[in-house]
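Inside the fold
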Amino acid sequence: MPANPLLKVSGLHAGYGEVEILRGIDLEVGQGDIVAVLGSNGVGKSTLNLALSGIVKARQGTIEFDGHAIHRERPPAIVASGLIHVPEGRRIFPNMSVSDNLDLGSYRRAAKHRAQNRERVFAIFPRLRERATQRAGTLSGGEQQMLAIGRGLMAEPKLIILDEPSLGLSPLLVEEMFGMILRLNKEGLAVLLVEQNVVQSLDIVHRAYILEHGSIVMSGTPDELRSNADLKRAFLGL
Amino acid sequence: MHLTILIPAILNGLLTGAVYALIALGLTLVYGVLHIINFAHGAMLTAALFAAFFMHKLLGLDPYIAVFILSPAFFALGYALQRFVIGPAAHGSDSNILLVTLGLSVVIENAMLHFFRADTRTIDVPYGFSVVPVAGAYLSVPRLVGFGVAVLVAVLLWALLTRSDTGKAIRAVAKEKLGAELSGIDVSHIYAVTFGLGAACVAIAACLLIPTYYVNPHVGTGFVLVAFTIVVLGGMGSIPGALIGGLFVGVVESLCGLYLGESLGQIGIFLMFILVLLFRPSGLMGERA
Ligand SMILES: Nc1ncnc2c1ncn2[C@@H]1O[C@H](COP(=O)(O)OP(=O)(O)O)[C@@H](O)[C@H]1O
Ligand SMILES: [Mg+2]
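Thresholds, definitions, all that
Residues numbered from 1 in each chain as written. Chains lettered and ligands numbered in written order. Predicted model: local features only at pLDDT ≥ 70, side-chain atom pairs only at ≥ 80, totals over all residues. Heavy atoms only, no water. Core = buried A, V, L, I, M, F, W, Y, C linked by side-chain atoms within 4.5 Å. Buried < 20%, exposed > 50% of the residue type's maximum accessible area, 1.4 Å probe, protein only. Helix = DSSP H or I, 4+ residues; strand = E, 2+ residues; numbered from the N terminus. Contact = heavy atoms within 4.5 Å. Salt bridge = Lys/Arg side-chain N within 4 Å of Asp/Glu carboxyl O. Pairing = 2+ DSSP bridges. Axes fitted to C-alpha atoms, helices over the stretch in contact; angles between N-to-C directions. Donors = N, O, S within 2.8 Å, 3.2 Å for Na, K, Ca; no water. Near = heavy atom within 4 Å. Polar contact = N/O pair within 3.5 Å; in protein donor to acceptor, adjacent residues only side chain to side chain. Nonpolar A, V, L, I, M, F, W, Y, C, P; charged D, E, K, R; others polar.

Brief notes about the nonpolar core
- With 93 residues, the main nonpolar core has Leu22(B) and Ile185(B) as its most contacted residues.
- Sorting elements by how many residues they give to this core places helix 8 (residues 187–209) of chain B first, with 17 residues.
- Aside from chain neighbours lying at most four places away, what touches Leu22(B) is Ala150(B), Val153(B), Cys201(B), Ile204(B), Ala205(B) and Leu208(B).
- Val121(A), Ile181(A), Val191(A) and Leu231(A) belong to the second-largest nonpolar core, a separate cluster that totals 41 residues.

Focus on the pattern of salt bridges
- Counting across every chain of the model gives 17 salt bridges over all chains.
- Note that Arg118(A) and Asp103(A) form a salt bridge whose closest N and O atoms lie 2.9 Å from each other. Of this pair, Arg118(A) sits in helix 4 (residues 114–124) while Asp103(A) sits in helix 3 (residues 98–105), placing them 15 residues apart in sequence.
- A relative accessible area of 23% places Arg118(A) in the partly exposed class.
- Since its relative accessible area comes to 7%, Asp103(A) is described here as buried.
- Measuring nitrogen to oxygen at the nearest pair gives 3.7 Å for the salt bridge that ties Asp186(B) to Arg83(B). Of this pair, Asp186(B) sits in the loop between helix 7 (177–182) and helix 8 while Arg83(B) sits in helix 3 (residues 63–90), and the two are 103 residues apart along the sequence.
- Accessibility expressed as a relative area gives 11% for Asp186(B), which makes it buried.
- One continuous salt-bridge network, built from bridges that share partners, spans Asp100(A), Asp103(A), Arg118(A) and Lys168(B).

Considering the sheet that holds strand 3 (residues 34–38) of chain A
Residues and elements named next belong to chain A.
- Read across the open sheet, the six strands follow the order 6-7-8-3-9-10; overall the sheet is mixed. Of all the strands in the sheet, just strand 6 (83–86) and strand 10 (215–220) have a single pairing partner and so form its edges. This sheet shows a mean twist of 20 degrees between the axes of neighbouring strands, independent of strand direction.
- Helix 7 (residues 171–186) rests against strand 3, strand 7 (159–163) and strand 8 (190–195) of the sheet, and its axis sits at about 155 degrees to strand 8.

Description of the coordination of the magnesium ion (ligand 2)
Residue and element names in this part refer to chain A.
- Distances from the magnesium ion (ligand 2) to its protein donors, namely Ser 46 (OG) and Glu 88 (OE), fall within the range 2.0 to 2.1 Å. With Ser 46 in helix 1 (residues 45–52) and Glu 88 in the loop between strand 6 and helix 3, this pair connects stretches of sequence that are 42 residues apart.
- A relative accessible area of 22% places Ser 46 in the partly exposed class.

What to know about the site of ligand 1
Residues and elements named next belong to chain A.
- As a matter of local geometry, ligand 1 sits amid Tyr 16, Ile 21, Ser 40, Asn 41, Gly 42, Val 43, Gly 44, Lys 45, Ser 46 and Thr 47.
- Gly 42 is positioned with one of its backbone polar atoms (N or O) 2.7 Å from an oxygen atom of ligand 1.
- Between ligand 1 and Gly 44, the relevant distance is 3.1 Å, taken from an oxygen atom to a main-chain nitrogen or oxygen of the residue.
- It is helix 1 that provides the largest number of residues to the shell around ligand 1, a total of three residues.
- Taken together, the residues of the shell around ligand 1 sort by class into three nonpolar, six polar and one charged.

Quick notes on helix 1 of chain A
All names here are of chain A.
- With seven of its eight residues buried, helix 1 lies for the most part within the structure.
- For helix 1, the full list of buried residues reads Lys 45, Thr 47, Leu 48, Asn 49, Leu 50, Ala 51 and Leu 52.
- Positive phi shows up at Gly 54, right after helix 1, with a value of about 85 degrees.

Considerations on the environment of Glu176(B)
- Examined against the element boundaries, Glu176(B) turns out to sit in the loop between helix 6 (165–175) and helix 7.
- Spatially, the C-alpha atoms of Glu176(B) and Gly234(B) are 22 Å apart, while their sequence positions differ by 58 residues.
- The residues contacting Glu176(B), other than those within four sequence positions of it, are Arg91(A), Ile92(A) and Phe93(A).
- A distance of 3.0 Å separates a polar atom in the side chain of Glu176(B) from the backbone nitrogen of Gly179(B).

Below, the structure written as structure tokens:
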């Protein structure tokens, strides 16, 4: 556990209407950390991300980010504080050009460094530079994922949440995507990687939490988790 | 029909159509972003016409000066209405927004009926009847000004939407609300800005109309019916569609008036509306921008 965590979630409850989805989540991400939240479809991973970014209200518990309580903040304030969430399904702006999409990534934060950050994103994803003037809706699935991450990077995140970045990508592209995420982390970016892809995620993270029915049922280093018999049975199919 | 009658009719139709387009612009913008028809649009136009009327009557302000006060004032009014009345009252449901704007229009129109009676009023400006010859036709100067300003506003609005951060945020919210929120865009602020822009369009239209038109508590309704036709014709939410659709409708109205008689001019518009709904429900411009 990091001594002075960047993100600290304690006893978080959240849900939709009458239904409670998250039932007391405790989780930490340290400076420069790369941490995974793993679990199958429908266990509440995306709900957790939406609660962290203020879209879904926290009903109970606290979220501290970079030394401040953010669980009552509205989404724009959370983005301004440097917690950037790249959502499941990309959610890019299909009617706008690739470079307009990137520009809007710096709508709330780091607008002053826009030109230089755009260059940096283009250096990471050269494909986006080739497509800069193209409408984002015409990009391939992999390119849209790159754009979604690129848009997130435009805000100079302190922590980036990636919700299923490998979803819908070919095995080769998944490999490339995970390599790129690892490189971003090696450059100092803290990453919360939310995935169903347990095997490949465990290869790149420092620690992981296993989410089931809205609760964390296990956590530890990849080695600890890989040697856990329950996890092997449930997720690794061994 | 003789060209010397046809050309002036077409030119006059374009002049009327540009102001129609300006009113439709506000309606289509709000539709494109909030995905609702603003039923208070007509009442806001009426209120703006009264405001322009009284600024002239009481303060002696020319409408072309008053526009610089009324357009920011209506922007602020529209912003506040959406942010503090419509938004909170709607609780995030689109059908509620619709009902709230409908209720607002009833309240505004009845308030005006109460204070100003059903009388029809006009203002006198020195240039009210000035004309200039254009291509063999004599065109009204205030209506020419109306045309120029309406087209200019459409171009400025387009530039705002495509070049500025706020404009890009408006387009982002229109298509991908969650993606916009996660980029730090304050959606309720953008909704309010959009509503404010719609109200500002109406205020500008009112200042362009009042030198040659009249105002009574119901005058906005007729305009908004035409504007709604234009919005459907140009494609719901499309800015270029509203401009081209507006000009087109102006010409159709003018030509129908020429062939069928002045009082039947608007029949052509609604006939066209029904034909478009039957054969091109997505509008003449096709795309749902
Ligand atoms: N907007 C919503 N309204 C109601 N229920 C929802 C909503 N979004 C997700 N859920 C439900 O919450 C549960 C968790 O969903 P989600 O957080 O998306 O899981 P995951 O990301 O792990 O697949 C699911 O049962 C899902 O049906
Ligand atoms: Mg999910």
